[in-house]
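Letter by letter, the chains look like this.
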Amino acid sequence: MKPTFITLEGVEGAGKTTVLEAIAAWAAQRGIDLLQTREPGGCPSSERLRELLLDPALCWCSEAELLLMFAARWQHWSETIEPALKRGQWVVSDRFVDASFAYQCGGRGLAWERVQALADQLPKMARPGLTLLLDLPVELGLERARKRGPEDRFEQEKAAFFERVRQAYLQLAEAEPERVVIVDATQNQSQVAEQVTKMLEARYQ
């Protein structure tokens, strides 16, 4: 099968780590060379920006946050994702462009067009072939996230912020149902992994 780019999205505590493990296991069984990466981050310079973006001691205005996200994203794409795809690897990323529509538009209230203008500057190859949206009620996600330890700058936001994020994600899924597939993240880890495996089998058989 030709290389493909898969992304995972969802609010805090949605269980993206579990899904990454399920995808990795599915790929390994089929001899697929899979690269796992994340946003913000995925390469040394973008990981440095991640530290700044998530640091709860720092306060970024919405516009600066958006531009930092895309700076990290461009470097991530050019240094990590694009070379991997050209080598013939599959790539699965914990978040990508959709996260900016959800967090900076939905959460922060920036205009959709502002994020779209930045997204349009990325190469066409940077468009994921499949996006798995791990959906669950905000309160459940936050409850799970709080068990992981100290909260980062985003995790400290109020529930209303994450409800706006969730609604923006659902809007994306409604607009692009062929690409954005909703995964019921309220279930336990094994059930979620089974959902994801079935979706991969159906799409990439």
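Preceding this section is the structure that the text describes.
Here the structure is a predicted model, which means the values were calculated and not measured.

**Student:** Looking at this model, I keep getting lost on the nonpolar core. Mind explaining?
**Tutor:** Taken as a class, soluble globular proteins show a tendency for nonpolar side chains to be buried jointly. Among the nonpolar cores identified, the biggest contains 61 residues, and Ile23 and Leu132 are the most heavily contacted of them. Considering each element in turn, this core owes the most residues, eight residues, to helix α3 (residues 62–87). Once residues within four sequence positions are removed from consideration, Ile23 is found in contact with Ile6, Leu8, Leu34, Val92, Leu132, Val196 and Leu200.

**Student:** How should I be thinking about the sheet that holds strand β2 (residues 34–38) in this particular structure?
**Tutor:** Hydrogen bonds between backbone groups are what pair the strands of a sheet, and the pairing can be parallel or antiparallel. The five strands are arranged β2-β3-β1-β4-β5 in an open sheet whose pairing can be described as parallel. In the strand order of this sheet, the two ends are held by β2 and β5 (180–184), each with one partner. Pairwise comparison of adjacent strand axes, ignoring direction, gives a mean angle of 20 degrees for this sheet. By the bridge criterion, four bridges tie strand β1 (residues 5–10) to strand β3 (residues 90–94) in an arrangement that is parallel. Looking across to β3, one finds that Thr7 is bridged to Ser93.

**Student:** Mind showing me how you'd approach the layout of surface pockets here?
**Tutor:** Empty space among the atoms can be located by rolling a probe the size of a water molecule over them. For the largest pocket, the calculated volume is near 770 Å³. If you trace the largest pocket, you find 34 residues lining it, with Glu12, Lys16, Asp94, Arg95 and Arg148 closest to the centre. Counting only elements with at least two residues in the lining of the largest pocket, the list comes to α1 (16–29), α2 (44–54), α3, α4 (97–107), α6 (138–146) and α8 (189–203). The volume enclosed by the second largest pocket comes to roughly 380 Å³. Lining the second largest pocket are 19 residues; nearest its centre among them are Val97, Phe101, Gln116, Ala119 and Arg127. Of all the elements in the fold, those that place two or more residues in the lining of the second largest pocket are α4, α5 (112–119) and α7 (159–175).

**Student:** What is the right way to look at the pattern of salt bridges in this model?
**Tutor:** Side-chain pairs of opposite charge can arise where the charged atoms are in close proximity. Enumeration according to the criterion identifies 18 salt bridges in this entry. Ionic pairing is found between Arg179 and Asp98, a salt bridge with its closest N-O pair at 2.8 Å. A residue pair is termed long-range when its members are at least 10 positions apart, and Arg179 in the loop between α7 and β5 and Asp98 in helix α4 qualify at 81 residues. Of the two residues examined, Arg179 and Asp98, each falls in the buried class. Here Glu176 makes a salt bridge to Arg127, at a shortest N to O gap of 2.2 Å. Residue Glu176 is found in the loop between α7 and β5, and its partner Arg127 is found in the loop between α5 and β4 (130–135); the two are separated by 49 residues along the sequence.

What counts as what
- Residues numbered from 1 in each chain as written.
- Predicted model: local features only at pLDDT ≥ 70, side-chain atom pairs only at ≥ 80, totals over all residues.
- Heavy atoms only, no water.
- Core = buried A, V, L, I, M, F, W, Y, C linked by side-chain atoms within 4.5 Å.
- Buried < 20%, exposed > 50% of the residue type's maximum accessible area, 1.4 Å probe, protein only.
- Helix = DSSP H or I, 4+ residues; strand = E, 2+ residues; numbered from the N terminus.
- Contact = heavy atoms within 4.5 Å.
- Pairing = 2+ DSSP bridges.
- Axes fitted to C-alpha atoms, helices over the stretch in contact; angles between N-to-C directions.
- 1 Å grid on protein atoms, 1.4 Å probe; cavity = no way out; pocket = protein on both sides within 12 Å on 5 of 7 lines; lining within 4 Å.
- Points joined across faces, edges and corners; volume = space filled by probe spheres on them.
- Salt bridge = Lys/Arg side-chain N within 4 Å of Asp/Glu carboxyl O.

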